[in-house]
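# Structural characterization, general
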Amino acid sequence: MLKGTMKVGSRVFSTSLMRQCVCKDARAYSVLPVPRDQEEEAMLHRMMRVDHAGEYGANRIYAGQMAVLGRTQTGPLIQHMWDQEKRHLAKFNEILADNRVRPTFLLPLWNISGFLLGAASALLGKEGAMACTVAVEESISEHYNSQIRALMEQDPDRYTQLLQVIKEFRDEEMEHHDTGLEQNAESAPGYWLLKAAIQLGCKAAIRVSERV
């Protein structure tokens, strides 16, 4: 038998060709398509890097809120939303690993700042925590919507699986946003000022995480 071949039953196959087929089969189940060029690869990596950072930050915010309000009547509600954010983060961890996407170098910063934001908002009471949730989830939802529009304009068939993931997570973020309003977020002291300040920080974090 020639070097670089493998016999399967009565047939002989090239091992290099088999490796290519296995690789293609594995990537067929990936959320991201195989990049057509470096430009598309860079675009997809930016998207996944910032989405991962956003979900990571959201997890830390809910962790901070639970540290303050976990034993109150609001605790189970916050825990429910946090559990969904954990699932979002786990999915983006998987996508980054599968596609060798580098996470943002600023994760240590988002770790600390996210927790502090969550805890500080919770110290204002349930309404303060919900006001933070409304501001953050509205920012994340808007960001996901902009990604959806960009992918739809380019090639919706090519990005079917990615669009499905982003839309699903966007819908759950909007559920969190609506829950915050239902839980009297607008009654928090200085609601509009608090919301504006948090969303300004979110927009800055999104821009930085795409690049760094």
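These numbers come from a predicted model, not from an experiment.

### Brief notes about the overall build of the chain
When helices and strands are counted, the chain shows seven helices and two strands. Listing each helix as α and each strand as β along the chain from the N terminus yields β-β-α-α-α-α-α-α-α. Here the chain, with 212 residues, has 43% of them falling under the buried criterion. Here the analysis covers contacts within the chain between residues at least 6 apart in sequence; of these, 78% occur between residues at least 24 apart.

### What about unusual backbone geometry?
Glycine aside, residues mostly have negative phi angles, and peptide bonds mostly take the trans form. At Arg100, a residue that is not glycine, the phi angle is positive and equals roughly 55°. Along the chain, Arg100 falls in the loop between helix 3 (75-99) and helix 4 (107-123). Here the phi dihedral of Asn184 falls at roughly 65°; this positive angle occurs in a residue that is not glycine. Note that Asn184 resides in the loop between helix 6 (160-182) and helix 7 (191-211).

### Looking at the confidence of the model for the chain
Looking at the chain, pLDDT values average 87 and 86% of them are 70 or higher. Contacts of residues 6-10 to residues separated by more than four positions or lying in other chains number nine contacts, the stretch itself having pLDDT below 50. Within the model, pLDDT remains below 50 along residues 12-29, and this stretch shows 21 contacts once partners closer than five positions in the same chain are excluded.

### Digging into helix 2 (residues 38-69)
An α-helical turn contains 3.6 residues, so any two residues separated by three or four positions project in the same direction. Between its first and last C-alpha, helix 2 extends 46 Å over 32 residues, near the 46 Å set by a 1.5 Å rise per residue. The element helix 2 is largely enclosed, with a buried count of 23 among its 32 residues. Capping the start of helix 2, Asp37 holds a side-chain oxygen 3.2 Å from the backbone nitrogen of Glu39, two or three residues further along.

### Structural notes on the packing of helix 2 against helix 5 (residues 126-154)
Between helix 2 and helix 5, the shortest axis-to-axis distance is 11 Å and the interhelical angle comes to 165°. By the angle between their axes, helix 2 is roughly antiparallel relative to helix 5. In this structure, the crossing between helix 2 and helix 5 has a hand that is left-handed. The residue inventory of the contact of helix 2 with helix 5, partitioned by class, reads 14 nonpolar, six polar and four charged.

Definitions and limits used
Residues numbered from 1 in each chain as written. Predicted model: local features only at pLDDT ≥ 70, side-chain atom pairs only at ≥ 80, totals over all residues. Heavy atoms only, no water. Helix = DSSP H or I, 4+ residues; strand = E, 2+ residues; numbered from the N terminus. Buried < 20%, exposed > 50% of the residue type's maximum accessible area, 1.4 Å probe, protein only. Contact = heavy atoms within 4.5 Å. pLDDT = per-residue confidence, 0-100. Expected span 1.5 Å × (residues − 1). Polar contact = N/O pair within 3.5 Å; in protein donor to acceptor, adjacent residues only side chain to side chain. Axes fitted to C-alpha atoms, helices over the stretch in contact; angles between N-to-C directions. Parallel < 35°, antiparallel > 145°, perpendicular 65-115°, else oblique. Left-handed = near helix turned anticlockwise from the far one by under 90°. Nonpolar A, V, L, I, M, F, W, Y, C, P; charged D, E, K, R; others polar.

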